[in-house]
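Here are the chains, one letter per residue:
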Amino acid sequence: MTTRAGFVALIGEPNAGKSTLTNRMVGAKVSIVTHKVQTTRARIRGVAIEGDSQIVFVDTPGLFQPKRRLDRAMVAAAWGGAADADVVVLLIEAHRGVTEGVKNILEGLADIGKGRKIALAINKIDRVKAEVLLALSKDLNDRYDFAETFMISAEKGHGVVALREWLAGELPKGPWLYPEDQIADLPMRMIAAEMTREKLTLRLHQELPYQLTVETENWEERKDGSARVDQVVYVARDGHKGIILGNKGESIKAISKAAREELEEFLGRRIHLFLQVKVREKWLDEAERYSEMGLNFKDGNK
Ligand SMILES: Nc1nc2c(ncn2[C@@H]2O[C@H](COP(=O)(O)OP(=O)(O)OP(=O)(O)O)[C@@H](O)[C@H]2O)c(=O)[nH]1
Ligand SMILES: [Mg+2]
């Protein structure tokens, strides 16, 4: 057998560029990206092919010191993704270097690294000078014995081919795990909900995005080839509803339009998207909200 296949988990602090790299590797947008931290909430699988290898990239939530239930569930999902992977890539932001958060992650690697190779990817190299990179690479390699180090820009595409080629060779020999044309392993209703959450995050006030979640409640295929998609945006406070709706509903309209356009492009067909905002004070403590997100509610226990 000449084919290889396996899982590559991308881990790192929030905002390190894990989702950007996932999308770059897959060649399509399967995971949402924003300039804000804690965008990704669950594990998102994107599939890439490199030569004879099928690489399943597992994008994970950022690793940070969790305080709330949702935080804890997200961080547990990220470490769980690393523990299940054949290879792990740790993403570090070149311009931020070895932060306290990075030091904490390095401690966690001691365990994860026992069962698999860990590669270092210093990301956002477009933001720093070469000297900074070399010093940072040395510093990080002194702290942990990485299998390999890559200097990349997930956004601009620098160095990502070398990383993908190396990963392809590291995966175990075996048959491919997904059909050749599959690029993501996530139900369409969840991808659609994520797209809407991205548009909400990009548009709204700093504090709000964490306090909301989006669910696709209904997906109805229509005879003309289009689909009607109904989504609910759960928020924790009444005031948040007003922010999302905006003056005369202009915010929700713009968000809905942007999400619909992206969904239509992704699917290559017409979509009728309907958003409803519901206030649900305790949604952050509801098990069902977590399973809809792809998280384990119990992971949020203290
Ligand atoms: N300059 C620069 N910006 C980048 C690069 N890669 C990602 N970014 C930006 O960094 C921000 C965060 O990117 P994401 O891919 O959402 O980061 P993430 O690690 O998935 O973040 P979480 O999901 O919150 O953990 C976005 O604004 C990206 O456009 C890069 O190579 N260079
Ligand atoms: Mg992300």
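Before reading further, recall that the structure is shown in the block above.
Everything numeric in this text was worked out from a predicted model, so none of it was measured.

Conventions used here
Residues numbered from 1 in each chain as written. Chains lettered and ligands numbered in written order. Predicted model: local features only at pLDDT ≥ 70, side-chain atom pairs only at ≥ 80, totals over all residues. Heavy atoms only, no water. Salt bridge = Lys/Arg side-chain N within 4 Å of Asp/Glu carboxyl O. Helix = DSSP H or I, 4+ residues; strand = E, 2+ residues; numbered from the N terminus. Buried < 20%, exposed > 50% of the residue type's maximum accessible area, 1.4 Å probe, protein only. Donors = N, O, S within 2.8 Å, 3.2 Å for Na, K, Ca; no water. Pairing = 2+ DSSP bridges. Contact = heavy atoms within 4.5 Å. Axes fitted to C-alpha atoms, helices over the stretch in contact; angles between N-to-C directions. Near = heavy atom within 4 Å. Polar contact = N/O pair within 3.5 Å; in protein donor to acceptor, adjacent residues only side chain to side chain. Areas by Shrake-Rupley, 256 points an atom, 1.4 Å probe, with all protein chains shown as cover. 1 Å grid on protein atoms, 1.4 Å probe; cavity = no way out; pocket = protein on both sides within 12 Å on 5 of 7 lines; lining within 4 Å. Sits in = over half its atoms within 2 Å of the grid points. Nonpolar A, V, L, I, M, F, W, Y, C, P; charged D, E, K, R; others polar. Points joined across faces, edges and corners; volume = space filled by probe spheres on them. Core = buried A, V, L, I, M, F, W, Y, C linked by side-chain atoms within 4.5 Å.

## Observations regarding the pattern of salt bridges
Next, step 1: On inspection of all chains with the given rule, the structure shows 28 salt bridges.
Next, step 2: One salt bridge connects R197 with E194, and the closest N-O pair in it is separated by 2.9 Å. Residue R197 and its partner E194 are located together in helix α6 (residues 188-203), separated by three residues, close to a single helical turn. Judged on exposure class, the residue R197 and its partner E194 are both buried.

## Some details on the coordination of the magnesium ion (ligand 2)
Next, step 1: Taken together, S19 (OG) and T40 (OG1) make up the protein donors of the magnesium ion (ligand 2), found 2.0 to 2.1 Å from the metal. Residue S19 is found in helix α1 (residues 18-26), and its partner T40 is found in the loop between α1 and β2 (44-50); the two are separated by 21 residues along the sequence. Assigned by exposure class, S19 and T40 land together as buried.

## Remarks on the sheet that holds β2
Next, step 1: With respect to topology, seven strands assemble into an open sheet ordered β6-β5-β4-β1-β3-β2-β7, the strand pairing being mixed. In this open sheet, the two strands that pair with only one neighbour each are β6 (148-151) and β7 (184-185).
Next, step 2: Note that strand β5 (residues 117-123) and β6 share four bridges and pair parallel. Bridge pairing in β6 places A121 opposite F150.
Next, step 3: Of the strands in this sheet, β1 (4-12) and β4 (87-93) are in contact with helix α2 (residues 69-84), which crosses β1 at around 145°.

## Considering the site of ligand 1
Next, step 1: In the region of ligand 1, 23 residues are neighbours, and K18, T20, Q38, T39 and E155 sit closest.
Next, step 2: One of the backbone nitrogen or oxygen atoms of Q38 is found 2.8 Å away from an oxygen atom of ligand 1.
Next, step 3: Here an oxygen atom of ligand 1 and a backbone polar atom of A154 are 3.1 Å apart.
Next, step 4: Across the complex, the protein chains shield 91% of the 660 Å² of accessible surface that ligand 1 would expose by itself.
Next, step 5: Here ligand 1 occupies the largest pocket.
Next, step 6: Per element, the largest residue contribution to the shell around ligand 1 is three residues, and it comes from α1.
Next, step 7: Looking at the shell around ligand 1 residue by residue, the class counts come to five nonpolar, 12 polar and six charged.

## Observations concerning the side chain of D230
Next, step 1: With respect to the element layout, D230 can be found in strand β9 (residues 227-235).
Next, step 2: Assessed through its relative accessible area of 17%, D230 is described here as buried.
Next, step 3: Engagement of the side chain of D230 in a polar contact is seen with the side chain of R228, the distance being 2.8 Å.

## What to know about the sheet that holds β9
Remark on secondary structure: sheet strands pair via backbone hydrogen bonds, oriented parallel or antiparallel.
Next, step 1: Reading across from one edge, β8-β9-β10 is the order of the three strands in this open sheet, with mixed pairing throughout. Strand pairing shows two members of the sheet lacking a second neighbour, β8 (212-221) and β10 (271-279), which therefore form its edges. Averaged over all neighbouring strand pairs, the angle between strand axes comes to 20°, with direction disregarded.
Next, step 2: Of the pairings in the sheet, the one linking β9 to β10 comprises nine bridges and is parallel in character. Paired with V235 across the two strands is V279, which belongs to β10.
Next, step 3: Across the sheet, α6 touches β8, β9 and β10, and the angle it forms with β8 is around 135°.

## Topic: the layout of surface pockets
Next, step 1: Estimated volume of the largest pocket: approximately 400 Å³.
Next, step 2: Taken together, 25 residues line the largest pocket, and the ones lying closest to its centre are N15, G17, T20, T34 and K124.
Next, step 3: Among the elements that line the lining of the largest pocket, the one with the most residues is α1, at three residues.
Next, step 4: Residues belonging to the lining of the largest pocket are distributed by class as follows: six nonpolar, 13 polar and six charged.

## Quick word on the nonpolar core
Looking at soluble globular proteins, one finds that nonpolar side chains tend to be buried together.
Next, step 1: One finds L70, L140, F146 and L295 to be the most contacted residues of the largest nonpolar core, which totals 41 residues.
Next, step 2: Looking at this core, the elements that each hand over two or more residues are β1, α2, β4, α3 (100-112), β5, α4 (130-143), β9 and α9 (287-293).
Next, step 3: It is α2 that contributes the most residues to this core, seven residues altogether.
Next, step 4: In this structure, M190, L212, I244 and V277 belong to the second largest nonpolar core, which totals 29 residues.

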